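Residue-level structure breakdown
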Protein chains: 2
Amino acid sequence: MPTYKAPLREYRFLLKDVLDIDRFSNLPGFSDAPLDVVEQILEEGAKFCEGVLAPLNKVGDEHGCKRRDDGSVTTPPGFKEAYKQFVDAGWPALSCDPAYGGQGMPHLVALAWNEMVASANMAWGMYPGLSHGAYEAIHQHGSDELKKRYLPKLVTGEWTGTMNLTEPHAGTDVGMLRTKAIPQGDGTYRVTGQKIFISAGEHDFAENIIHLVIARIEGAPAGTKGISLFIVPKFLVNDDGSLGKRNGVVCGKIEEKMGIHGNSTCVLNYDDAVGYLCGVENKGLAAMFTMMNVARLGVGLQGLSQSEVSYQNAVAYAKDRLQGRSLTGKKNPDGPADPIVVHPDIRRMLMDAKAFNEAARAFAFWTALYGDLLHSSPDEKVREKADDYMALMTPVIKSFLTDGGYKNATNAQQVYGGHGYIEEQGMSQFVRDARITMIYEGANGIQALDLVGRKLGANSGRAVFSFFNEIDEFAHANEDSAELKPFVEGLKTAKAQLQDGAMWLMQNGMSNFDNAGAASHDFLDLFGVTALTYMWALMAKAALTAKANGGGSDPFYDTKLATGRYFLARVLPEAGAHLAKLKSGAEPVMALAAEQF
Amino acid sequence: MPTYKAPLREYRFLLKDVLDIDRFSNLPGFSDAPLDVVEQILEEGAKFCEGVLAPLNKVGDEHGCKRRDDGSVTTPPGFKEAYKQFVDAGWPALSCDPAYGGQGMPHLVALAWNEMVASANMAWGMYPGLSHGAYEAIHQHGSDELKKRYLPKLVTGEWTGTMNLTEPHAGTDVGMLRTKAIPQGDGTYRVTGQKIFISAGEHDFAENIIHLVIARIEGAPAGTKGISLFIVPKFLVNDDGSLGKRNGVVCGKIEEKMGIHGNSTCVLNYDDAVGYLCGVENKGLAAMFTMMNVARLGVGLQGLSQSEVSYQNAVAYAKDRLQGRSLTGKKNPDGPADPIVVHPDIRRMLMDAKAFNEAARAFAFWTALYGDLLHSSPDEKVREKADDYMALMTPVIKSFLTDGGYKNATNAQQVYGGHGYIEEQGMSQFVRDARITMIYEGANGIQALDLVGRKLGANSGRAVFSFFNEIDEFAHANEDSAELKPFVEGLKTAKAQLQDGAMWLMQNGMSNFDNAGAASHDFLDLFGVTALTYMWALMAKAALTAKANGGGSDPFYDTKLATGRYFLARVLPEAGAHLAKLKSGAEPVMALAAEQF
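Let me sum up the structure you'll find in this document. (Residues numbered from 1 in each chain as written. Chains lettered and ligands numbered in written order. Predicted model: local features only at pLDDT ≥ 70, side-chain atom pairs only at ≥ 80, totals over all residues. Heavy atoms only, no water.)

1. Structural notes on the interface of chain A and chain B
- Between chain A and chain B, the contact holds 92 residues from the first and 92 residues from the second.
- Per-residue buried area on chain A facing chain B is highest for Y421, R570 and F597 of chain A; these three make up 12% of the total on that side.
- Linking chain A to chain B there are six salt bridges.
- Where E424 of chain A meets K253 of chain B, a salt bridge forms, and the shortest distance between an N and an O atom there is 3.3 Å.
- Taken together, the links from chain A to chain B amount to 51 residue pairs in polar contact (both at pLDDT 80 or more).
- A per-element tally of the side of chain A that touches chain B places helix α14 (residues 513–551) of chain A first, with eight residues.
- Class assignment for the residues of the side of chain A that touches chain B results in 45 nonpolar, 25 polar and 22 charged. (Contact = heavy atoms within 4.5 Å. Buried area = accessible area lost by both parts, 1.4 Å probe. Salt bridge = Lys/Arg side-chain N within 4 Å of Asp/Glu carboxyl O. Polar contact = N/O pair within 3.5 Å; in protein donor to acceptor, adjacent residues only side chain to side chain. Helix = DSSP H or I, 4+ residues; strand = E, 2+ residues; numbered from the N terminus. Nonpolar A, V, L, I, M, F, W, Y, C, P; charged D, E, K, R; others polar.)

Here's what the structure looks like:
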């Protein structure tokens, strides 16, 4: 059975050597989170993830969730008990607002925690993950009354939450939704309609479930301009906080999916359910995006998590499995064969994953730090840049980390050979679970379109130019370092290609929007490769600095540098292919009429 | 539920316009297979695949195979009946030797038939697929007596066959096998051991199963030099051809796999089972490769098949699913939204698959034609070239077509969005089924090593230089055609990069074998891109010729040319990335000690 070991050493390197979070100790959140405290938190979290959640991962895959005739849902054996432990330990409160019982830790810390949870048990992690999305939506858009009524129990984890967007005929195109909300004259609404693909939609973890539901108020405009966001609790909540009567929302079905069997993906039927408007009438789309953006970073992290955990198991297998001999002479002469880790093509797959995981994690952390600065920095310029970066990087993280996660999970399965195809080994689950991350919270094609259509040109390209400047400054400041030279050169190459692609888009995307659409996927991948090259440059510099400052005897830093050099040699060349593809424009992509397919 | 439509128009184009098979009508096999006869056969086959096999594909996935306590196995509902229809229609005999009841059709025809079967129902197709592998092994290596005893009923399909190579501790490294064969002094052997991952190992289709088993004769050398091939029938066969007593081979378990649930993947326990030596003592590895090479082309075709069928369904969904509006103005103004086929990123995924499928099919057919010429040409030079090409192209077809098949099946699933992740839709099955093709019959990493380590340098590189010359001649002969110019230019680019890679390997692979191993994957992919570029050049020329010869009004040819141009714009750029990666050599790949992972 697969195992999981939290990458605590990697977290320490990122938080201390690369991001140096203690320099923000004057800011809210960070002031309560000096590095040593954060490390203690993550160590505790690691124990829970490794010891409690990871052993339940395969259990969840095998048992799945069961719906009974009354619409109630039983989660896999052990899931409910693990959730109780999680609540008892106070984990749901980690990064929540102290005004509602939260611990107020930086999002950066929650990010590391979320990665560990998703690596250990992605399907389980979606229950609290969705709850946090609901928390964020209410926290940002709800009235004080709604916040007081719903947030404290979401923060403790006594209640969970969900996001209800999709309908059978309205997926990406949420404007086509049919769920109706009828005002009752007393400030409440009655919500009727069907939502599908609702993760954690019904379960046996908690006494109440707070559904966040988008619907159209009777008479509101068609399309996305008439969407409002509602809170629809499974049980109504009395003024004293006690639970009232059962609301008109029932799980009609659990979907049979390719993976994440441990999560209940529900069809939810709303029938005259009592709902409370969250935020402003007809401004539900913006509120929805609050949930979506938090969720998109989380989904990117899920992609990384499956890459990480499948990589760890592939490494263990590659060291253990004896098969064939090294091309350069026996490495295990006393054994019947060498461990397969001696074979270069096995190495290639492991190094691809390692070089990806470490830089992808850095990218997510680096971005999440801006997420914290956006809320806590007193400097308006910093907040502006943070806002720009969050907007720009979110679709890249969502898409690039999930495509990469699936690819690496597939390669990790490949390392196992035929045994990887047998469910007993658990490697298939990583692939099947990872697969959803490319689809939900906005399919990756939508992320690419968001990047080129909305984020790239926003404020005349301010965000991307800021990113280019940052890279130029780094390259300029470090061009004299012989040890950093390959990283600086690689970074210059990547950035020049990304800039070339961005310029091509600015020149050609406006004159023919299909050029932007046709280029979007490769532009996003080019952006991802460039961002990860930058992360490798930052990490190489941090490793060299740490080595010089007394860390020279720690092999961690040399491993880091060698892994970075692998990235430059073996991943960076993909940038050129992406650039060439995107610059070929829409014509070849759109040449056929629909009937020619 | 997914459907399948056999690409008969594509077959016609390849057999007539590209390969012009009627020019071989003077050769054995081809003389009985003029184009119109072949087309009739394929039309009949298409009806069976579309109407009988395809509707059973999902049934097989859902039901799987059930083993009873006595070791007998029940296949999914309808599978057995479909097999009876298949046998009654004489399909197993299609390309078999007329001396044993076969129809003697060219392998090229069998290839098209096999693609249709695998597209319609890959798990089902493996039963006759494995039988044909057993047929080939006995036909090539068995004594006349063995051939007379076993081939006729394999040819009719009354019996099926299997290949037994893998053991728990001997996968890729077959030399580590432990299965023993003890000579009985009467020419027979007793075989004892355990084989795993035996596809079609036990079932209810046929009255007998002929297992081809590799084992070590007592006292034979260790490693691959002591492997012999045995025929071990499930029921012994009496001299009069009637069935005798049950032999000592029993299905001990059916594996739970990620996909191909309709095929029984068995653990087979051999306990003092009577076996008959097939071929020469201790030369079992060569005989095994007879089966493997046939099987590897078949597996490459399975990769293509899943790409094709998933593509067909994604196209249908993309035309039907209304979601969002075209970036360049409404295309379905009277509907609530446009069909998603208007979106460039949906197009990208469909075009990637279409451009791959058509060229991959051409590559398989073009190679299979050499397989026929190898056996039927009276010209020694032609046979030598055919032998060279078969050896050189087989690992490329196996690996490149299966990696591509998985990628395209994944993209086809992506076109469905969230619905693609729901098992009900059937798209997940294509991905899960396609996944095994990258693993079995030699994992794709082994194919790459076979290509660079064995095939590339064989006879001082004669095969690959012959391929380069052929491309040069094509480019030279067609450089004056304005319409072909982009294809000729693309081909020159690809070929120059492949040659560069081959030269790098010849210079660096011998001095450090790890350079060859580290480069192998990207070299194979570079080879695949180049081969498909060549196929597109051949197809473009054939399409232009057909247009000029009265086919101008058939939109098929313009579609073909546009699809080829897409390949040049959007796939060919990958060649440069592969070249850059492979030329970075072993150092970055092998830099870490095992404990640094």
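2. A short note on the packing of helix α1 (residues 8–18) of chain A against helix α2 (residues 35–53) of chain A
Residues and elements named next belong to chain A.
- Viewed as axis vectors pointing N to C, α1 and α2 meet at an angle of 155°, and their least axial separation amounts to 11 Å. Taken as axis vectors, α1 and α2 run roughly antiparallel relative to one another. Here the hand of the crossing between α1 and α2 comes out right-handed. Residues L8, Y11, R12, L15 and K16 of α1 touch α2, and the partners they reach there are L35, V38, E39, L42, E43 and A46.
- Its residues assigned to classes, the contact of α1 with α2 comprises seven nonpolar, no polar and four charged. (Axes fitted to C-alpha atoms, helices over the stretch in contact; angles between N-to-C directions. Parallel < 35°, antiparallel > 145°, perpendicular 65-115°, else oblique. Left-handed = near helix turned anticlockwise from the far one by under 90°.)

3. Some points on helix α16 (residues 574–582) of chain A
- Within α16 of chain A, the full set of buried residues consists of A575, A577, H578, L579, K581 and L582 of chain A.
- Where the residues of α16 of chain A are buried, they touch α13 (485–508) and α14 of chain A together with α14 (555–570) and α15 (574–582) of chain B. (Buried < 20%, exposed > 50% of the residue type's maximum accessible area, 1.4 Å probe, protein only.)

4. Let's talk about the side chain of S399 of chain B
- On the secondary structure map, S399 of chain B appears in helix α8 (residues 380–415).
- Beyond its immediate chain neighbours, meaning those up to four positions away, S399 of chain B contacts N444, Q447 and L524 of chain B.

5. Some details on the environment of L579 of chain A
Residue and element names in this part refer to chain A.
- Residue position: L579 is located in helix α16.
- Distance in space between the C-alpha atoms of L579 and S264 is 41 Å, their sequence separation being 315 residues.
- Ignoring sequence-local partners within four residues, the contact set of L579 consists of Q497, D500, G501 and L526.

6. Focus: the relation of the copies chain A and chain B
- Relative to chain B, chain A is turned by 180° and slid 0.0 Å along the rotation axis, the superposed coordinates differing by an RMSD of 0.0 Å. Viewed as a symmetry operation, the transformation between the two copies matches a two-fold axis. Across chain A, the rotation axis passes nearest the C-alpha of A577 of chain A, at a separation of 3.1 Å.
- When the interface residues of chain A are mapped onto chain B, 100% of them are again interface residues, pointing to one common binding face. (Least-squares fit on C-alpha atoms with pLDDT ≥ 70 in both.)

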